[in-house]
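Spelled out, the chains give:
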Amino acid sequence: MAHARPASLRYFTIVESSPVAMVMVGGDGVIQFNNTETERMFGYRHGELLGQSIDVLVPAHLRKRHADFRKGFLRSPSKRPMGAGRDLMGLRRDGSEFPVEVGLTPIQARAGLLVLATIIDITDRKKTEDETQRHIAELEAAVMGAVDGVVVIDESGIIEWLNPAVGRLFGYERDELIGQDVRLLIPEPYQSEHDSLRDYDSAGEAKIVGIGRAVEGRRKDGSVFPIDMAVGAVPMAGKRLLAGFIHDLSERRKLETRLDQLREDRLKVMGEMAAALAHEINQPLAATGAYIGTAERLLKMAPAQRPTKVEEVLDFARQQVMQAGRIIQNVREFADRAEPNKTHEHLHELIHEVAEFILGKVKQAGAALLLDLDAPEDRVIVDKIQIKQALVNLVQNAIEAVSGGGVREIRISTRLAGSNEITVDIEDTGPGILEDMKAKLFEPFVGTKIKGMGVGLSIARSIIESHYGKISIDANPAGGATAAFTLPLAESWGQGS
Ligand SMILES: Nc1ncnc2c1ncn2[C@@H]1O[C@H](COP(=O)(O)OP(=O)(O)OP(=O)(O)O)[C@@H](O)[C@H]1O
Ligand SMILES: [Mg+2]
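Just so we're clear, the structure is a prediction, and the values are computed from it rather than from any experiment.

**Looking at the pairing of strand β15 (residues 409–417)**
Consideration 1: Judged from the six bridges that link them, strand β13 (residues 368–373) and β15 form a sheet pairing that is parallel. Each residue of the ladder has a partner; that of Leu 369, found in β15, is Ile 410.
Consideration 2: Taking the residues between adjacent antiparallel strands as the criterion, β15 and strand β16 (residues 421–428) are bridged by three residues, where Gly 418 takes a positive phi near 50°.

In structure tokens, the structure reads:
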């Protein structure tokens, strides 16, 4: 290039100062010119490359391909990158290889067709690319193995990519979903919401646009299940994609439903308890009122004329108030879910105690109370106050049932039932009950009596059920009704006495 004219000199300066290696090659593959950068890049001394075959810059294993390519290029020369998409390598003088990018420009010279090759060392770029590639591979492995579903859609909602979890969650094969509209997976009414999601990322940057949005997914079989979906924009050259991260909420929902149910059950029990409290406490409060009224009347009399001592009446009132206090205490313990105070008891004894207690009322109603306590085994583990309470409620109903007229008979009998169970029947000669009312009567505040609150049976039921027993009420074929409850026996029949 020693004879370069001034204009050529300018070009020569540009070529020499270029950070890109430039090599001029003839049709025969011989290097006719190269700049200093080429020598630096490939590790040659000044002028050493001139006249050599371009092959010295190409690794041996790529020379054949290179030669073929050069022939092809010479047949239809045009400015283009060399071997686009292929991994091109350069060979240094010391035998080491490095990745290069090569651009080719045909130059028509007097001596024939020349090719100007511009070579860029892309070692650094390659390194970052490889690293990125590795990161992507790691990321892909993580996403592929994820429990949560990841689905990538384009701007019109067409599924471009999904991980195996999506197929698993929605019951599809992976191939069935690629190219499908994502609305296949997200049924109404959330579809329209999803449409609006796609408008969010007008800034084009990755951001989560729908964290914690509870929506529903639709499986291939049409069934619907709760999901939690977060949507983020994926910045991609040319295309705007959205990634949806789908978390299956079915299990959590099931748990929540179960907890709700438990809460509801507890509320129901509390409601029943409140009713029970009102029911139970009414009696001693009414009695207290009556005793205080009596005391007032006595105080208006001259002390000598009083049939009873005021102190005595006030003492009765005090006892009733304390009874009310005990009931409240009892119910509070019950509401606190404290285990009832269960002890070994003979059920027949408890029935006798109740019969004694209630005999006054039976007589008052002009009725007869018969006991047929025939069960050969009657030991139970119960809270005796509660069981007596249940018995009183049932006998009380029987008394009220027979008060209407006709034969007034109440029979309490026991028998063994099922495996290791004892049944108590409270039979009356009242009007009986209607078949379709049987179950309803156990609900709180259900009753037909003007004075009753309709809680007697619901209290009895909660007591019997908390003793792992069953309770029912049925009409007798011969008229009247039988309330019955069954309790587990403390031990098997045959054992002990
Ligand atoms: N032995 C029975 N014969 C006929 N009907 C009955 C009998 N026992 C209960 N019932 C019916 O069941 C209803 C509910 O009984 P429950 O004991 O729960 O409430 P109540 O007796 O009406 O009021 P409370 O017991 O609160 O004073 C009664 O009102 C009555 O209609
Ligand atoms: Mg009752």
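**Focus: the sheet that holds strand β18 (residues 481–488)**
Consideration 1: With respect to topology, five strands assemble into an open sheet ordered β13-β15-β16-β18-β17, the strand pairing being mixed. Either end of the sheet is taken by a strand with one partner, and the two such strands are β13 and β17 (470–475). Adjacent strand axes in the sheet meet at a mean angle of 15° when their direction is disregarded.
Consideration 2: In the sheet, β16 pairs with β18 via seven bridges, with the strands oriented antiparallel. Bridge pairing links Glu 427 to Thr 482 in β18.
Consideration 3: Contacts between helix α10 (residues 347–364) and the sheet are confined to β13, β15 and β16, with β13 contributing the most and set at about 175° to the helix.

**Details of the confidence of the model for the chain**
Consideration 1: Of the residues in the chain, 86% reach a pLDDT of 70 or more, and the chain-wide mean stands at 83.
Consideration 2: For residues 189–212, every residue scores under 50 in pLDDT, and the model assigns this stretch 35 contacts once sequence neighbours within four places are set aside.
Consideration 3: Taken together, the stretch residues 493–497 has pLDDT below 50 and engages in four contacts with residues farther than four places along the chain or on a different chain.

**Remarks on the pairing of strand β2 (residues 31–34)**
Consideration 1: One ladder, built from three bridges, connects strand β1 (residues 21–26) with β2; its direction is antiparallel. By the bridge assignment, Val 23 is partnered in β2 with Asn 34.
Consideration 2: Hairpin connection, β1 to β2: the antiparallel pair is bridged by four residues, and Gly 29 has positive phi, about 85°.

**Some details on the packing of α10 against helix α11 (residues 384–402)**
Consideration 1: Contact pair α10 / α11: the axes reach a minimum separation of 10 Å and the direction vectors enclose 40°. Of the two elements, α10 crosses α11, and the hand of that crossing is right-handed. Mapping the contact onto sequence places Leu 350, Ile 351, Glu 353, Val 354, Ile 358, Lys 361 and Val 362 in α10 and Lys 384, Ile 387, Lys 388, Leu 391, Val 392, Val 395 and Ile 399 in α11.
Consideration 2: Residue composition of the contact of α10 with α11, by class: ten nonpolar, no polar and four charged.

The rules behind each value
Residues numbered from 1 in each chain as written. Chains lettered and ligands numbered in written order. Predicted model: local features only at pLDDT ≥ 70, side-chain atom pairs only at ≥ 80, totals over all residues. Pairing = 2+ DSSP bridges. Helix = DSSP H or I, 4+ residues; strand = E, 2+ residues; numbered from the N terminus. Axes fitted to C-alpha atoms, helices over the stretch in contact; angles between N-to-C directions. Contact = placed C-beta atoms within 7 Å. pLDDT = per-residue confidence, 0-100. Left-handed = near helix turned anticlockwise from the far one by under 90°. Nonpolar A, V, L, I, M, F, W, Y, C, P; charged D, E, K, R; others polar.

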